[in-house]
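# Report on the structure
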2 protein chains.
Amino acid sequence: MKKTILMAAVSLTAMLASAQQALWNTAPTVSPEINSDNTVTFRLNAPKASEVKVTGDFLPTVKIDTPYGVFDAPGYATLTRNANGVWEYTTAAPLAPELYSYTFMVDSMKINDPSNVFLLRDITSLSNIFIIGGDRADLYGVHDVPHGNLSKVWYPTSLGTDRRMTVYTPAGYEKGDRRYPVLYLLHGMGGDENAWSELGRAAQILDNLIARGEADPMIVVMTNGNVSQQAAPGETSEGLVQPVAQRPRTMDGTFESTFPEVIKYVDSNYRTIPEKDARAIAGLSMGGFHSLHISKQFPDLFDYVGLFSAKITPDGNAPSEVYADFSGKLATQFAAKPKLYWVAIGEKDFLYDENKKFREVLDSNGYPYVYYESPDGHIWKNWRIYLTEFVPQLFKK
Amino acid sequence: MKKTILMAAVSLTAMLASAQQALWNTAPTVSPEINSDNTVTFRLNAPKASEVKVTGDFLPTVKIDTPYGVFDAPGYATLTRNANGVWEYTTAAPLAPELYSYTFMVDSMKINDPSNVFLLRDITSLSNIFIIGGDRADLYGVHDVPHGNLSKVWYPTSLGTDRRMTVYTPAGYEKGDRRYPVLYLLHGMGGDENAWSELGRAAQILDNLIARGEADPMIVVMTNGNVSQQAAPGETSEGLVQPVAQRPRTMDGTFESTFPEVIKYVDSNYRTIPEKDARAIAGLSMGGFHSLHISKQFPDLFDYVGLFSAKITPDGNAPSEVYADFSGKLATQFAAKPKLYWVAIGEKDFLYDENKKFREVLDSNGYPYVYYESPDGHIWKNWRIYLTEFVPQLFKK
């Protein structure tokens, strides 16, 4: 098809569409189509399929009962053949503003939408995405505002290898000699240095909040919290190896105890304000765990801490010094009066109870914190929301 | 599934695999599997499919006859059900070292391999990839060598909008105050600023050539040659709009005439050697066309020019001043004695004859150039090869 496209594009421009269609039987199927009333139509050209379903977070969740407990899982909707023989489904109601993800199930086989090149990888699975604009979801789209740059940066470590981080520098960073505060933003289990900029829309959220004047310009550093891995899957000498959720040494104290190396590198290579009151750390799930334990291990480093659906308690099998004396270190951290200790979780999150107990510890000690509770569970929708809530509170004098 | 994975990862580690399998019937299908003899096995779990094929550039091409001419298209191989009911195909012979791409056809529907998260987008279509290492293909993989950084950079233009480029800075750039030469590397029709770093494996090729001592450390700037577009699909305020091969104003002289703005930005924001003998420009197809016309429009800017499967002759409907006086500008360019004028094309390329005529022009005028001919046609395999051949010749004093 490449040659056809090129030929057509170079010398047969007007014929392209019809040529492709005639040659390849690929009349373009539009999917998803966001209709003017914000209902959404999904289409799939699967002439020989006997059943096509769509699943995604735009559908109400359903309960599934398993040997390991009852879980919420995305529901399904069934597509039917339209007049052209193309499978089609339109949502019963308009969708609320949000970034949604979905996949198709064709005769029990899960596939991505061949009509939509926009995919996000969440650990081992790829889903297509679309955005219904408006409200908070406008923060997730690219708008005609000044854009920050996003870089994949290799930095040295004491772990025997260079490692990779993603760095957002705000629009205007290149001009002048202004120094900026830094948010360190950490991913969850199975994630990597790409998670926040891809699934989390961090660059779009920062661009938009800064352009609105709702957040101060800041540098955002998105590390890779899996110390057994130099970088995201495919970006290391392991080759194009399928990602896995579980890697060794993700919560054994090593990432936490070596985190000052990250800060040292960033402060040495970027125009940062290298002060506690210009430094924030936040993360989701495992990254919230890392943020909690890093910030209390190094109580002089961060004035802003964000725990997004955080795992709190270390595994009993991880006897790192980092996890020792939880209470004492927390007391030291709060004695140093952080400007913001922000705890967020979804009401359906499986870590809800663990967070509740942690808040009771904070309460009983009189440690000040801000609590944000949202609907839903342990999902990216919540983590994007938390980022939009957390960032405007940072670095206020 | 996220919740299951997270639950398991956090507290039920050992149960994960069996839990997922039991709950979701997703016994992991390994595909592609590169066997020890470099045959490759493809697998797809499609229980209700009646026919599954794989197509990709690892298979011999087949001729297809169309109203627009005879084209080479990738061949197909048919998968058969193995003992577990999973569709499977193993290549008849070992594959030569190369980066290969493929997709499945399930009952006439083209899909990506659900077992392989590594995908590349080529204009409108996504294909899975895998690499058979060895020989030149070792340049395409990530190896345990120092890595350069890759940045998505927004720069101002006179076109009324900021635009986006991809910038590779070599390993060690951050240290010290060394200045570097710059290769400007341009994409083809339908491509964008992501094409060379993704399909072209430019960062890997540069990392590996530099680590071997076969290329000088250099900055590589990968622009977006579609002036009607600020950035790659999904990265602009157009939203998540499906990409198209044809955009307006791709070869109307505007990109070429404003190219000095790119150079000015790069020389102002990076530690470059801002001299002709430390500047190269190369591109594929439309990018070769851009490289040809930019380098002759600005004969004092580039000492190194690479035309990879280049379109040569402007469309008669593009009466830009850039395209006027082809012969005179070429004479001026060669009078300034560029150090390398490199022309490469595949023997099956549809632009072969056009390149042959251009070489005759160069020959008849006694303009020195280096010619490199490869098998195959207008495909990324060739453009990666050309990059590996071109880069080691750059910036030799």
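Structure first, text after, so check above.
The present account deals with the structure reproduced in this document. Numbers given to residues run from 1 along each chain, matching the order in which its sequence is written. Whichever chain is written first is A, and whichever ligand is written first is 1; the rest continue in order. Restriction of local features to residues with pLDDT of at least 70 applies here, the model being predicted, together with a cutoff of 80 or more for giving and counting side-chain atom pairs; totals for whole chains, interfaces and linings are based on all residues. Working from all heavy atoms in the structure, the side-chain values ignore hydrogens and water.

### Some words on the packing of helix α4 (residues 202-211) of chain A against helix α10 (residues 380-390) of chain A
The relative placement of two packed helices comes down to the angle between their axes together with the axis-to-axis distance. Residue and element names in this part refer to chain A. In plain terms, the rule: Only the stretch in contact is used when a helix axis is fitted, and all axes are lines through C-alpha atoms; the angle between N-to-C directions ranges over 0 to 180 degrees. Helix and strand labels come from DSSP, where a helix needs a run of H or I of at least four residues and a strand needs a run of E of at least two; each type is numbered from the N terminus. Just so you know how the angles are binned, under 35 degrees is roughly parallel, over 145 roughly antiparallel, 65 to 115 roughly perpendicular, and the rest oblique. Handedness of a crossing is defined here by the sense of rotation of the near helix relative to the far one, left-handed for an anticlockwise turn of less than a right angle and right-handed for a clockwise turn. Contacts are assigned to residue pairs with any non-hydrogen atoms lying within 4.5 Å of each other. Ten residue types, Ala, Val, Leu, Ile, Met, Phe, Trp, Tyr, Cys and Pro, are classed as nonpolar, four, Asp, Glu, Lys and Arg, as charged, and the remainder, Gly among them, as polar.
The contact between α4 and α10 brings their axes to 10 Å, and the two run at 30 degrees. Looking at the two axes, α4 sits roughly parallel to α10. For α4 against α10, the interelement crossing comes out right-handed. Residues A202, I205, L206 and L209 of α4 touch α10, and the partners they reach there are R384, L387 and T388. A breakdown of the residues in the contact of α4 with α10 according to their chemical character gives 5 nonpolar, 1 polar and 1 charged.

### Some points on α4(A)
Residues and elements named next belong to chain A. To keep it simple, the criterion reads: Partly exposed describes any residue whose relative accessible area lies between the buried limit of under 20% and the exposed limit of over 50%, with all areas from a 1.4 Å probe on protein chains only and scaled to the type maximum.
Most of α4 sits out of view: 8 of its 10 residues are buried. By the burial criterion, the buried members of α4 are A202, A203, Q204, I205, L206, D207, N208 and L209. Once α4 finishes, G213 follows within two positions and takes phi at roughly 80 degrees, a positive value.

### Concerning the interface of chain A and chain B
How we decide: What gets called buried area is simply the loss in accessible area from a 1.4 Å probe that two parts show on being joined, summed for both. Think of a salt bridge as a Lys or Arg side-chain nitrogen and an Asp or Glu carboxyl oxygen that are within 4 Å of each other. For this analysis, a polar contact is any N or O atom pair within 3.5 Å, provided that within protein one partner can donate a hydrogen and the other can accept it, and provided that sequence-adjacent residues contribute only side-chain to side-chain pairs. Pairs of strands are assigned from DSSP output, requiring at least two bridges between the strands.
Between chain A and chain B, the residue contacts involve 81 residues of the former and 81 residues of the latter. Of the roughly 7200 Å² buried where chain A meets chain B, counting both sides, 68% is carbon and sulfur surface. Between the two partners, chain A and chain B, sit 0 salt bridges. Across the chain A-chain B interface, the total number found is 9 residue pairs in polar contact (both at pLDDT 80 or more). Top element by residues in the side of chain A that touches chain B is helix α1 (residues 2-11) of chain A. It accounts for 7 residues. Residues belonging to the side of chain A that touches chain B are distributed by class as follows: 44 nonpolar, 23 polar and 14 charged. Direction of pairing for strand β13 (residues 149-155) of chain A relative to strand β13 (residues 149-155) of chain B: antiparallel, over a ladder of 3 bridges. The partner of K152(A) across the bridge, within β13(B), is L150(B).

### Remarks on unusual backbone geometry
The linkage connecting S31(A) with the following residue, P32(A), adopts the cis geometry, with an omega of -5 degrees. Mapped onto the elements, P32(A) comes out in the loop between α2 (16-24) and β1 (33-34). The backbone phi angle of D325(B) is positive, close to 55 degrees, even though this residue is not glycine. Mapped onto the elements of the fold, D325(B) is located in the loop between β18 (304-308) and α8 (326-335). Within the chain, F395(B) stands out as a residue other than glycine whose phi angle is a positive 65 degrees. Examined against the element boundaries, F395(B) turns out to sit in the segment after α10 (380-390).

### Quick look at the layout of surface pockets
Where empty space is left in the structure can be found by rolling a water-sized probe over the atoms. Quick note on the threshold: A cavity here means a set of 1 Å grid points, computed over protein atoms only, where a 1.4 Å probe fits but cannot escape. A pocket is an open set with protein on both sides within 12 Å along at least 5 of 7 lines, and lining residues have an atom within 4 Å of a point. Grid points are joined across faces, edges and corners, and a volume is the space filled by probe spheres set on the points.
Here the second largest pocket is characterised by a volume of approximately 600 Å³. Surrounding the second largest pocket, 21 residues form its lining, Y173(A), N269(A), Y270(A), Y173(B) and Y270(B) being those nearest its centre. Those elements giving two or more residues to the lining of the second largest pocket turn out to be β13, β14 (163-169) and α6 (259-269) of chain A together with β13 and α6 (259-269) of chain B.

### Notes on the pairing of strand β9 (residues 98-106) of chain A
Residues and elements named next belong to chain A. Most of β9 sits inside the fold, with 8 of its 9 residues counted as buried. Bridge count between strand β3 (residues 52-56) and β9: 5 bridges; the pairing is antiparallel. What sits directly across from V54, in β9, is F104. As paired strands, β9 and strand β12 (residues 125-132) are joined by 5 bridges and run antiparallel to one another. Each residue of the ladder has a partner; that of L99, found in β12, is I131. Pairing between β9 and strand β10 (residues 109-111): 3 bridges, direction antiparallel. From the neighbouring strand, F104 faces β10, where its bridge partner is I111.

### Quick look at the side chain of N149(A)
Following the sequence through the fold, N149(A) ends up in strand β13. A relative accessible area of 4% means that N149(A) is categorised as buried. For N149(A), the side chain forms a polar contact with the side chain of E174(A), separated by 2.9 Å. A distance of 2.8 Å separates a polar atom in the side chain of N149(A) from the backbone nitrogen of W154(B). Those residues in contact with N149(A), other than ones at most four positions away along the chain, are V167(A), Y168(A), T169(A), E174(A), K152(B), V153(B) and W154(B).

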